[in-house]
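Listed here are the chains, written in short residue letters.
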Amino acid sequence: MGNLPQQSTRANSVPAPVAALMAWLVPGLGHWLLGERARGAVFFVVICVTFWAGVAVGGVRSTVTPKENGAWIAAQLCAGPQAVAAMYLGKRDQTLNGNRHKAPWPASNISVVYAGIAGLLNLLVIIDTLSRCEAAPVPAVSRGPPGKGAVR
């Protein structure tokens, strides 16, 4: 009755590299595998909606382009395979249509930032997944009856 509840050992059931890879492949999947389903679902929705909202604002041709966006492409690639898919769609669109579907100046900059922020958010989620995998379980503390063994 006087015992504190033990911390679950769910974090140790999935190896850290596997959880991190799954968190990159599908945002939130690392937390899902660790048993934190609600948190994983929220991460999935927030990161995917942010990334694809950026793509919707500027189009794939303006958003995920390595030559024009410099360091932002590294941030965008942290969003996982969806960034690779968007990059492929952008290159395919360019070969089919040339530069006709390129977004104008403000929309293109906003879209790049949205997609980059989504990738950086996913990087934080991956780091959080790793920290939850590496966390050591806290041992249960038993408490005796009050007054016994207490130092005054």
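Residues numbered from 1 in each chain as written. Predicted model: local features only at pLDDT ≥ 70, side-chain atom pairs only at ≥ 80, totals over all residues. Heavy atoms only, no water.

Examining the confidence of the model for the protein chain
Test applied: The score called pLDDT rates the predictor's confidence residue by residue, from a low of 0 to a high of 100. Each helix corresponds to a stretch of at least 4 residues labelled H or I by DSSP, and each strand to a stretch of at least 2 residues labelled E; elements are numbered beginning at the N terminus. We call two residues in contact whenever any of their non-hydrogen atoms come within 4.5 Å of each other.
Per-chain confidence: the protein chain averages 82 in pLDDT, with 73% of residues scoring 70 or above. Helix 2 (residues 29-33) holds the highest mean pLDDT among the elements of the protein chain, 96, whereas helix 4 (residues 60-63) holds the lowest, 79. Predicted confidence is poor over residues 4-12, with pLDDT under 50, and the contacts of this stretch with residues over four places away or in other chains come to 17 contacts.

Observations regarding the nonpolar core
For clarity, the threshold we go by: Side-chain atoms within 4.5 Å are what join buried Ala, Val, Leu, Ile, Met, Phe, Trp, Tyr and Cys residues into a set we call a nonpolar core. Burial classes follow relative accessibility: with a 1.4 Å probe on protein chains only, a residue under 20% of its type's maximum area counts as buried, one over 50% as exposed, and anything between as partly exposed.
Phe51, Val64 and Ala86 are the most contacted members of the largest nonpolar core, which totals 13 residues. If you list the elements that add at least two residues to this core, you get helix 3 (37-58), helix 7 (81-97) and helix 8 (105-134). Every residue in contact with Val64, bar those within four places of it in the chain, is listed here: Phe51, Asn69, Ile73, Gln76, Ala83, Ala86 and Met87. Core analysis: the second largest hydrophobic core is formed by five residues, Val14, Ala16, Leu34 and Cys133 among them.

Let's talk about the side chain of Gln82
Defined as follows: Here a polar contact is taken to be a pair of N or O atoms separated by no more than 3.5 Å, where protein atoms must pair a possible hydrogen donor with a possible acceptor and residues adjacent in sequence count only if both atoms sit in side chains.
If you trace the backbone, Gln82 turns up in helix 7. A polar atom in the side chain of Gln82 sits 3.2 Å from the backbone oxygen of Ala79. Once residues within four sequence positions are removed from consideration, Gln82 is found in contact with Pro27, Ile47, Cys48, Phe51 and Trp52.

Notes on a nonpolar patch on the surface
Selection rule: For patch building, the residue pool is restricted to those with more than 30% relative accessible area and no salt bridge; the joining distance is 9 Å between like charges and 5 Å between nonpolar side chains (Val, Leu, Ile, Met, Phe, Trp, Tyr). Areas reported as accessible are Shrake-Rupley estimates using a 1.4 Å probe. Residue values count occlusion only from the protein chains shown. A pair is scored as a salt bridge if a Lys or Arg side-chain nitrogen falls within 4 Å of a carboxyl oxygen belonging to Asp or Glu.
On the surface, a cluster of nonpolar side chains totalling about 810 Å² of accessible area is made up of Val42, Val46, Trp72, Val113, Ile117, Leu120, Leu121, Leu123, Leu124 and Ile127. Elements with a contribution of two residues or more to the nonpolar patch: helix 3 and helix 8. Broken down by element, the nonpolar patch gets its largest block of residues, seven residues, from helix 8. Judged by relative accessible area, which is 34%, Trp72 ranks as partly exposed.

Brief notes about the environment of Ala53
Its location among the elements puts Ala53 in helix 3. For Ala53, a relative accessible area of 26% gives the class partly exposed. It is 10.0 Å that separates the C-alpha atoms of Ala53 and Ile110, two residues lying 57 residues apart in sequence.

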